[in-house]
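# Structure assessment
Letter by letter, the chains look like this.
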Amino acid sequence: MFWVLLLLLAWAAAGISCTRLCLAAVRAAAVDADAARGHDLTLYEAAFLSGGPARVADLTLVSMARQRRLLLAHTGWATVVDPRGRDEMERSVIGAIGPEGQSRIAPVRATAAAADSVRHLADHLVAVGLAVPDGARTTVAGAVRQVQAAAAAVLALGAVALMLPAQTTGNEVPVVVWFALPLVLTLSCLAIARIEVHPYTRWASPAGQRLLGTLARHSDDTGDDRTYLTSVAVRGIRAIGEPDLRAAFTHRDRSAERRG
């Protein structure tokens with residue numbers, strides 16, 4: 001009856017993982033509330049909810065470059081033209097470039113993304129319910145992965161049990177039937193999570209996602225500079241239209257890959 005111990009392990013893995021996923025989904029739903037009501041996203045807020053701190057840094061760089069206050073060369077270098085930042089984000093970028101007024105884009109982006117101004121922005125978005133709190137950003141995704149691992153563990157334990165001798169119960173019920181129960185539990189939990197929770201972003205709460213959806217629809221219209229920057233905030237550097245400016249960011253990404 002060694003298979004019974006394996007069955008207990010299978011039930012433990014399935015029960016713990018499914019419980020964690022249910023709790024994570026409940027906490028994620030609690031963040032929603034009515035946060036989206038009456039809130040107009042700024043470009044920096046939209047950038048953070050779409051891509052986190054790195055997206056905020058990219059948006060600031062692109063915005064300053066379009067205003068000719070920052071030069072982003074196709075070789076991956078950033079040069080300060082106007083050292084007076086108009087807000088905290090721009091001052092963070094200028095400070096990240098350094099006193100010499102020139103630096104590679106990759107370290108500027110990393111330093112600006114970790115600046116206090118971005119952290120304050122994140123705290124504000126969490127406070128109003130539009131962003132997912134730090135400790136919960138990967139909770140749902142992590143819980144889903146744990147349930148997937150539990151399903152694989154149940155299959156493995158069932159396979160081991162089947163290789164043991166005398167694989168029937170006293171009532172002649174095949175052991176595989178008993179292992180099918182925790183497997184059905186995990187698979188059902190994954191199916192429900194995909195319907196109820198998917199897709200779930202790392203940064204935006206469900207309320208934040210609804211506001212981003214509205215912005216994304218507006219950014220499809222051709223128009224002024226704000227429309228262009230909205231596209232960059234929501235979609236990232238792939239929304240950049242200028243070849244030279246796009247080359248500056250592409251050079252940055254390739255350089256980072258070579259160092260990695």
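In this text the structure is predicted, and so the values were computed from the model without any measurement.

In this section: the sheet that holds strand S2 (residues 77-80). The antiparallel open sheet is built from three strands, whose spatial order is S1-S2-S3. In the strand order of this sheet, the two ends are held by strand S1 (70-72) and strand S3 (102-104), each with one partner. Averaged over all adjacent pairs, the angle separating strand axes in this sheet is 20 degrees, with direction ignored. Both S2 and S3 contribute to a ladder of three bridges, which runs antiparallel. Paired with Trp77 across the two strands is Arg104, which belongs to S3.

Turning our eyes to something else, we now look at the packing of helix H3 (residues 88-97) against helix H5 (residues 116-127). In contact at an axis separation of 8 Å, H3 and H5 are set at 150 degrees when each is read in the N-to-C sense. Residues Glu88, Met89 and Ser92 of H3 form the contact with H5, whose own contacting residues are Ser117, Val118 and Leu121.

Looking now at the nonpolar core. If you look at the biggest cluster of nonpolar residues, it comprises 49 residues, and the most contacted ones within it are Phe48, Leu49 and Leu72. Top contributing element to this core by residue count: helix H2 (residues 43-66), with 13 residues. Ignoring sequence-local partners within four residues, the contact set of Leu72 consists of Leu61, Ala65, Trp77, Ala78, Ile105, Leu245, Ala248 and Phe249. Counting residues in each nonpolar core, the second largest holds eleven residues, with Leu7, Ala151, Leu157 and Val175 among its members.

Over the atoms, a rolled probe matching the size of one water molecule traces out where space is still vacant. Considered as a void within the structure, the second largest pocket measures approximately 200 Å³ in volume. Contributing to the lining of the second largest pocket are Ala65, Arg66, Arg68, Leu70, Leu71, Leu72, Val81, Glu242, Asp244 and Leu245. Put simply, the parts of the chain that give the lining of the second largest pocket at least two residues each are H2, S1 and helix H10 (243-259). Broken down by element, the residue count for the lining of the second largest pocket peaks at three residues, all from S1. Of the residues that constitute the lining of the second largest pocket, the class distribution is six nonpolar, no polar and four charged.

Our focus in this paragraph is H2. For H2, built from 24 residues, the straight-helix expectation of 34 Å at 1.5 Å per residue is missed by more than 12%, its first-to-last C-alpha distance being only 15 Å. The largest bend along H2 measures about 135 degrees and falls at Gly51, with the proline Pro53 one to four residues further on. Residue Arg68 follows H2 closely and has a positive phi angle near 60 degrees.

In a disulfide, the sulfur atoms of two cysteines are held together by a covalent bond. Enumeration according to the criterion identifies zero disulfides in this entry. Residue Cys22 stays outside any disulfide, its sulfur separated by 4.5 Å from that of Cys189, the closest cysteine.

Next up on the list: empty space enclosed by the protein. One pass over the full model with this rule turns up two cavities of 30 Å³ or more. One number sums up the size of the second largest cavity: a volume of about 30 Å³. Taken together, Val56, Ala57, Thr60, Met89, Ser92, Val93, Ala112 and Val118 make up the full set of residues lining the second largest cavity. At the level of secondary structure, the elements contributing two or more residues to the lining of the second largest cavity comprise H2 and H3. Across the lining of the second largest cavity, the residue classes break down as six nonpolar, two polar and no charged.

Cut-offs applied
- Residues numbered from 1 in each chain as written.
- Predicted model: local features only at pLDDT ≥ 70, side-chain atom pairs only at ≥ 80, totals over all residues.
- Heavy atoms only, no water.
- Pairing = 2+ DSSP bridges.
- Helix = DSSP H or I, 4+ residues; strand = E, 2+ residues; numbered from the N terminus.
- Axes fitted to C-alpha atoms, helices over the stretch in contact; angles between N-to-C directions.
- Contact = heavy atoms within 4.5 Å.
- Core = buried A, V, L, I, M, F, W, Y, C linked by side-chain atoms within 4.5 Å.
- Buried < 20%, exposed > 50% of the residue type's maximum accessible area, 1.4 Å probe, protein only.
- 1 Å grid on protein atoms, 1.4 Å probe; cavity = no way out; pocket = protein on both sides within 12 Å on 5 of 7 lines; lining within 4 Å.
- Points joined across faces, edges and corners; volume = space filled by probe spheres on them.
- Nonpolar A, V, L, I, M, F, W, Y, C, P; charged D, E, K, R; others polar.
- Expected span 1.5 Å × (residues − 1).
- Bend = angle between axes of the 7 residues up to and from the residue.
- Disulfide = S-S within 2.5 Å.

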